[in-house]
Amino acid sequence: MNLSLLILLPAITAIILLLLPKPSQVRIVSLISAVLQLGLAFFLFFSFTRLRAAGDNAKMLFEQNYAWFPSWHINFHTGVDGISVAMILLTSFVVVAGMLVSWNITKMTKEFYFLLVLLSLGAYGFFISLDLFILFFFLEIAVIPKYLLIGVWGSGRKEYAANKLALMLMGGSALVLVGILGLYFATDARSFDIMELATLSITPALQKVIFPLLFIGFGVFAGLFPFHTWVPDGHASAPTAGSMFLAGISMKLGGYGCLRVATFLLPEGAREYANIIIVLSAIAVLYGAFATMMQKDLKYINAYSSVSHCGFVLLGIGMLTKTAIAGAVMQMVSHGVMTALFFAVIGMIYERTHTRQVDEMGGLLKVTPFITTVFFIVGFCSLGLPGLSGFVAEMTVFVGSWEHTDTFHRVATIAAVMSIVVTAVYILRAIGKTVLGPLKVGFSNLTDAKWNEKAAAILLVAAILAIGLAPFWLNNLVAPAAEVIMQKIAPVAAAVK
Amino acid sequence: MNEFFILMKSELLLGIIIFILLFIKIGKGLSNEKMLVLIQSLLLVNFLAGFFFNQTGHLFGGMFVSTSATILQKNILNLGVYLISMLFSDWFRKHIHMPEYFILMLSAVMGMFFLVSSGNLLLFFLAIELATIPVAAMVNFDMQKRISSEAGMKMILSSAFSSGILLFGISLIYGATGTIQFAELPLLMKASPLMIMAFIFFITAFAFKLSIVPFHLWTADVYEGGPIASTAFLSVVSKGAVAFIFISMLYKVFQPMHEVWYHTIILLSLCTIILGNIFALRQQNIKRFLAFSSIAQVGFILVGIGANSGAGSISVVYFILIYTFSNLAAFGVAAAISEQTGKENIQDYRGLYKENPFLSWIMALALFSLAGIPPTAGFFGKLFLISAGATVADYWYIVVVALNLIVSLYYYLRVVRAMFMDKNEFPIQKVQVAFPAKFALIVCGVAITVIGLLSWVWDYIQTALI
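Per-chain numbering applies: the sequence of each chain, read as written, is numbered from 1 onward. Throughout, the order in which chains and ligands are written sets their labels, letters from A for the former and numbers from 1 for the latter. Selection of residues for local features in this predicted model requires a pLDDT of at least 70, selection of side-chain atom pairs for listing and counting requires 80 or more, and totals for whole chains, interfaces and linings are taken over all residues. Heavy atoms throughout the structure, all of them, feed into the side-chain values; hydrogens and water do not.

Give me the overall build of chain B: which residues, what numbers.
Under the scheme used here, helices are H or I runs from DSSP no shorter than 4 residues and strands are E runs no shorter than 2 residues, and both carry numbers assigned from the N terminus. Tallying secondary structure elements over chain B gives 21 helices and two strands in all. Two things to know: the radius of gyration comes from C-alpha atoms, and the globule rule equals 2.2 Å times the number of residues to the power 0.38. What you see for chain B is a C-alpha radius of gyration of 21 Å, in line with the 23 Å of a compact globule of 466 residues. Each principal axis of the C-alpha distribution contributes one length, and for chain B these read about 65 × 60 × 45 Å. Burial classes: relative accessible area under 20% of the type maximum marks a residue as buried, over 50% as exposed, and values in between as partly exposed (1.4 Å probe, protein chains only). Counting the 466 residues in chain B, one finds 64% classified as buried. Note on definitions: a residue-residue contact is assigned when non-hydrogen atoms from the two residues lie within 4.5 Å. Across chain B, every contact between residues at least 6 apart in sequence was considered, and the portion connecting residues at least 24 apart equals 81%. Per-residue accessibility takes into account occlusion by the displayed protein chains alone, with areas from the Shrake-Rupley method and a 1.4 Å probe. About 16,600 Å² of surface is accessible on chain B, with carbon and sulfur atoms providing 70% of the total.

Could you give an account of helix H7 (residues 158-186) of chain A, with specific residues and numbers?
Structural remark: α-helix, 3.6 residues per turn; residues separated by three or four positions point the same way. For H7 of chain A, with 29 residues, the first-to-last C-alpha span of 41 Å sits near the 42 Å given by 1.5 Å per residue. With respect to burial, H7 of chain A is a largely interior element, 26 of its 29 residues being buried. Each helix should span, by expectation, one fewer than its residue count multiplied by 1.5 Å.

Hey, could you go over the pattern of salt bridges for me, with residue numbers and the actual values?
All names here are of chain B. Just to be clear on terms, a salt bridge is a Lys or Arg side-chain nitrogen sitting within 4 Å of an Asp or Glu carboxyl oxygen. For the structure on display, the rule yields 17 salt bridges over all chains. Note that Glu11 is salt-bridged to Lys74, the shortest N-O span being 2.8 Å. Of this pair, Glu11 sits in helix H2 (residues 9-27) while Lys74 sits in helix H4 (residues 68-87), and the two are 63 residues apart along the sequence. For the pair Glu11 and Lys74, one class covers both residues: buried. A salt bridge links Lys145 to Asp142, with the shortest nitrogen-to-oxygen separation between them at 3.5 Å. Residue classification places Asp142 among the buried positions, given a relative accessible area of 12%. Residues participating in the shared-partner salt-bridge network are Glu150, Lys154, Asp221, Glu224 and Arg288.

Talk me through the packing of helix H8 (residues 146-177) of chain B against helix H11 (residues 217-225) of chain B; I want residue IDs and the actual numbers.
Residues and elements named next belong to chain B. For every element, the axis is a line fit to its C-alpha atoms; helices are fit only across the contacting stretch, and the angle between N-to-C directions ranges from 0 to 180 degrees. Taken N-terminus to C-terminus, the directions of H8 and H11 make an angle of 145 degrees; their axes are 8 Å apart at the nearest point. In this structure, the crossing between H8 and H11 has a hand that is left-handed. Judged by residue contacts, Ile147, Ser148, Ala151, Lys154, Met155 and Ser158 of H8 engage Trp218, Asp221, Val222 and Gly225 from H11. Side-chain classes follow a simple rule in which Ala, Val, Leu, Ile, Met, Phe, Trp, Tyr, Cys and Pro form the nonpolar group, Asp, Glu, Lys and Arg form the charged group, and the remainder, Gly included, forms the polar group. Taken together, the residues that form the contact of H8 with H11 break down as five nonpolar, three polar and two charged. Definitions for this section: a left-handed crossing has its near helix turned counterclockwise from the far helix by less than a right angle. A right-handed crossing has that turn clockwise.

Pulling in residues and values, what's your account of empty space enclosed by the protein?
Residue and element names in this part refer to chain B. A pocket, in this scheme, is an open set of points on a 1 Å grid over the protein atoms alone with protein on both sides within 12 Å along at least 5 of 7 lines, while a cavity is a set where a 1.4 Å probe fits but cannot get out; residues line either one if an atom lies within 4 Å of a point. Grid points are joined across faces, edges and corners, and a volume is the space filled by probe spheres set on the points. A complete count under the given rule lists eleven cavities of 30 Å³ or more for this structure. Computed from the structure, the largest cavity encloses a volume of approximately 180 Å³. Looking at the largest cavity, it is lined by 19 residues, and the ones nearest its centre are Thr132, Met155, Lys209, Trp218 and Ser238. Secondary structure elements with two or more residues in the lining of the largest cavity: helix H6 (98-117), helix H7 (121-139), H8, helix H10 (193-210), H11 and helix H12 (228-253). Class assignment of the residues belonging to the lining of the largest cavity gives a composition of eleven nonpolar, six polar and two charged. Estimates place the volume of the second largest cavity at around 120 Å³. Forming the walls of the second largest cavity are 16 residues, and the residues nearest its centre are Lys9, Ser10, Asn54, Ile71 and Lys74. Of all elements in the fold, only helix H1 (2-7), H2, helix H3 (32-49) and H4 reach the threshold of two or more residues within the lining of the second largest cavity. For the lining of the second largest cavity, the leading source of residues is H4, giving four residues.

Please give an account of the pairing of strand S1 (residues 61-69) of chain A that cites residues and values.
All names here are of chain A. Strand pairing is defined by DSSP finding a minimum of two bridges between the two strands. Note that S1 and strand S2 (residues 74-80) share six bridges and pair antiparallel. By the bridge assignment, Gln64 is partnered in S2 with Thr78. Counted between consecutive antiparallel strands, the loop separating S1 from S2 contains four residues, among which His73 sits at a positive phi close to 60 degrees.

Give me the packing of helix H5 (residues 132-141) of chain A against H7 of chain A: which residues, what numbers.
Residues and elements named next belong to chain A. As a packed pair, H5 and H7 sit with axes 11 Å apart at the nearest point and diverge in direction by 175 degrees. For the element pair H5 / H7, the angle class is roughly antiparallel. The segment H5 lies against H7, with Leu132, Phe136, Leu139 and Glu140 engaging Met170, Ser173, Val176, Leu177, Ile180 and Leu183. Split by residue class, the contact of H5 with H7 holds eight nonpolar, one polar and one charged. The scheme is simple: roughly parallel for angles under 35 degrees, roughly antiparallel for over 145, roughly perpendicular for 65 to 115, oblique for anything else.

Now, about helix H14 (residues 322-353) of chain A: what can you tell me, with residues and values included?
Residues and elements named next belong to chain A. Spanning 32 residues, H14 covers 46 Å between terminal C-alpha atoms, matching the ideal 46 Å at 1.5 Å per step. Counting buried positions along H14 gives 28 out of 32 residues, so the element sits mostly inside the fold. Phi turns positive, to about 60 degrees, at His354, one or two residues after H14.

How would you summarise the packing of aromatic side chains if you had to cite specific residues and measurements?
Residue and element names in this part refer to chain A. For Phe, Tyr and Trp, where Trp contributes only its six-membered ring, two rings pair if their centres lie within 6.5 Å, and the inter-plane angle classes them as stacked under 30 degrees, edge-to-face over 60, or tilted in between. Summed over all chains, the structure comprises 76 aromatic pairs over all chains. For the ring pair Phe42 and Phe46, a centre distance of 6.2 Å and an interplane angle of 20 degrees mean the geometry is stacked. With Phe42 and Phe46 both in helix H2 (residues 23-53) and four residues apart, the pair spans about one turn of that helix. Owing to a relative accessible area of 30%, Phe42 belongs among the partly exposed residues under this scheme. In our convention, an over-ring charge means Lys NZ or Arg CZ found within 6 Å of a ring centre and within 35 degrees of that ring's normal. Directly above the ring of Tyr160 sits Arg157, whose terminal nitrogen or CZ lies 4.2 Å from the centroid.

Go over the environment of Val152 of chain A with me, naming the residues and quoting the values.
Within the element layout of this structure, Val152 of chain A appears in helix H6 (residues 143-153). Classification of Val152 of chain A as buried rests on a relative accessible area of 3%. Along the chain, Val152 of chain A and Gly387 of chain A lie 235 residues apart, while their C-alpha atoms are 39 Å from each other. Apart from the residues lying within four places of it in its own chain, the contact partners of Val152 of chain A are Lys107, Met108 and Lys158 of chain A together with Phe420 and Met421 of chain B.

Give me the layout of surface pockets: which residues, what numbers.
Think of a ball as big as a water molecule: rolled over the atoms, this probe shows where empty space is left. One number sums up the size of the largest pocket: a volume of about 1,400 Å³. Along its surface, the largest pocket is lined by 36 residues, and Ile15, Phe114 and Leu118 of chain A together with Pro375 and Thr449 of chain B are the ones closest to its centre. Going through the elements one at a time, helix H1 (4-19), helix H4 (109-128) and H5 of chain A together with helix H17 (357-371) and helix H20 (435-450) of chain B are the ones with two or more residues in the lining of the largest pocket. No other element matches H1 of chain A, which puts nine residues into the lining of the largest pocket. Residues that form the lining of the largest pocket fall into these classes: 30 nonpolar, four polar and two charged. By volume, the second largest pocket amounts to about 550 Å³. Taken together, 28 residues make up the lining of the second largest pocket; nearest its centre are Val65, Thr67, Thr70, Ser248 and Lys252 of chain B. When contributions to the lining of the second largest pocket are tallied by element, the ones reaching two or more residues are H4, H6, H12, helix H15 (310-341) and helix H21 (455-465) of chain B.

Describe the interface of chain A and chain B, listing the residues and the values that go with them.
Each partner contributes residues to the interface: chain A has 34 residues there, and chain B has 41 residues. Here chain A meets chain B over a buried area of about 3,600 Å², counting both sides, of which 80% is carbon and sulfur. Summed over the shared surface of chain A and chain B, the result is zero salt bridges. Definition of a polar contact: a pair of N or O atoms within 3.5 Å, with one able to donate and the other able to accept a hydrogen when the atoms are protein atoms, and with sequence-neighbouring residues admitted only if both atoms are side-chain atoms. Put simply, chain A and chain B have five residue pairs in polar contact (both at pLDDT 80 or more) between them. When two parts are put together, the accessible area they lose, computed with a 1.4 Å probe and summed over both, is reported as buried area.

Put into structure tokens, the structure is as follows:
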């Protein structure tokens, strides 16, 4: 399959959107484009698995390599492995759902959809890049859409949140930029190419300098403690689709970058700082969980719980075992789908009740059975109920972490596991207060989900169930790619032991 | 004789245009409207002519040099002048002395052409004077405003001062080496104390013209006081020309003193980026704001200059091309609004998007490009400047430069926020943009979007420069 289609389709859509006069046309074109993207992602998935099943063991499939800036050795080099395919699938699901739930946006519809399309363009481009320059290009392309989405269509302290997000993410990219330049000048090959850099040897001393730059840089995107503070404000202030894209896709760019760029290219550096990563992400997991308990606003609840859940991603990466890394990727996919659904449901509730305060709601199950059922499912997924995606992913991370037998890793793992209890507390409390109990006054004539909301919810629930009930396909997709990354780290690990 | 006409083609063409304008002005045969159209078409022809019948060589015993690099640089300057003539149509049309303005501007441009083509210190000095003095008159062109005359005065005094310093530097260079030819200077030059002294005076004059911190103090007042067209000319065309000659002086003439100037450039670039950014944070007037932001941009240009390699000079020229489009677009929008409403403060821009989506998007694109955010061209420009600088610089330096991108993003976002997010009970009403200005804004917008993505632009500059 031609991977450039994944970039071309949103790009063409964006241009078409600019020319359309009516909001209704804008919506329909965006939705059609999103569905086509979903189709492309599925087609990519099936052709990828078919090739793998046929025994094609190349590290990257569907590679394309065009020279872009020859004098800087910048190539438009794209290709996918299992991890990228999983992330592309995730992106396409969230994009369709995001387009659907934004159906009621009336304020500057065209601009809104245009920015959403631009954001998805950045995400697809990021996940297929095998060249650090274009990876960085696509990483930064999403800054403007995020800023404007929050600042223009957001709620609450939106200007503050938008500014904070843009500046913190820019800080992250600045570090990534320096790290990428470090990699470029680290070898005499002067290469931005990820696959080429992976075969070159970078001195351990240099790796230890570059790794923190790259890991912290991408970590800011992924909500790495203590650089997570943009997450709650940004997510809570963004419009529904903005939150879905932010938490569902954008934060995953950071996790993917930490894995693909920082860890894969700088194994010695990863080894050196693994313990610090583990400590920080364990803190993020626990801190995020406890902070969530104190929240009264549904969006803040999910935003802080995102910090906690994304902590598992970095924890899995920090553990540096094949299972844990596979678990980290599965957690990215699982959390992406789950949090998108969570924000979608919160958006639906807010649109009806005009409040997001848990205390002001109650008994919604009686009037909006569909929305509340979805709310139950996503809540249970978040607290790790078996049969749903959250359980599968977090379990894999824990199993991978448990492969380490020393006390440090054990303690960190146990600490992280304990967060599940806290998660259960806040999720059950939030659900109980909002949907159960007597119906609050004034909520008696709320309407249930409309077709677009139902379609979005069903799509994402299907994804959650598909991962939760049959995790093997995701595992089969991701594990070999994690193996490749581990092969790069393992010789180093053996040497250290 | 034939060679004379072809090598000095750009300068002669400007001279012809100046004469045409002069004669028409004396004859008083044309209305301002028609005159402006005529000028714009002449400048377009002038710009297009820059691409044909080019030849490299030198005249007057190496005093005047024409290389593929100078031809490209002159084309970029011509482009800037053409865009200025289009963007500020509204203002030009109403001004009673419009032809004189262009005569002054083209004289200054001619000076800049001689500047980039200069092959010895004598022509260099003459050219830099010719490129400066008319600009002071241009700054003074809002004749009924006191602030404009004050700006003109400040400009002429500070440039006279910097010219004095430059002359002193030149005399020391001559004293140390015994020659004024650029071709011979590097052979005779060594980092003796006298030569270092001369170099310091020399670079001070450049720093004045480029408004490098700490020699930037005249910039903000002059930018604020002058008409927007002059401000745009100063901050884009004038700066571009000086940066072009600066880089070729440093890379060629002062190459034996590379050790000395490298550290100077690093220090100056840090000061310029950091202080330019800090001052820009607090500005309320859009012209002052753009003035300080352009100071910070010069700091980034210095990062690229520090590379001392082909990549350095290419990335500087590439950046200036992109900067021309971005900064002129920002000034163009500011001018369109200021011309019709008289509003020049960032606060007045609140809610601009509601009535003026086109102007808001162009402004936003320009500012994002200046901030270096993809997919705008500014991203590529900044990135290549920093990459070029990183070939020789230390990590800490690149980290500081990269972190300054955040600060600059902060203040550019202030304007974007005002336009798109802030509420305003009385937003600026629909601004009618004249056709030429609209056309130029669209050209700028398209250029900002696509120049970076088209890698042949880089390759084109590379083939011209190396």
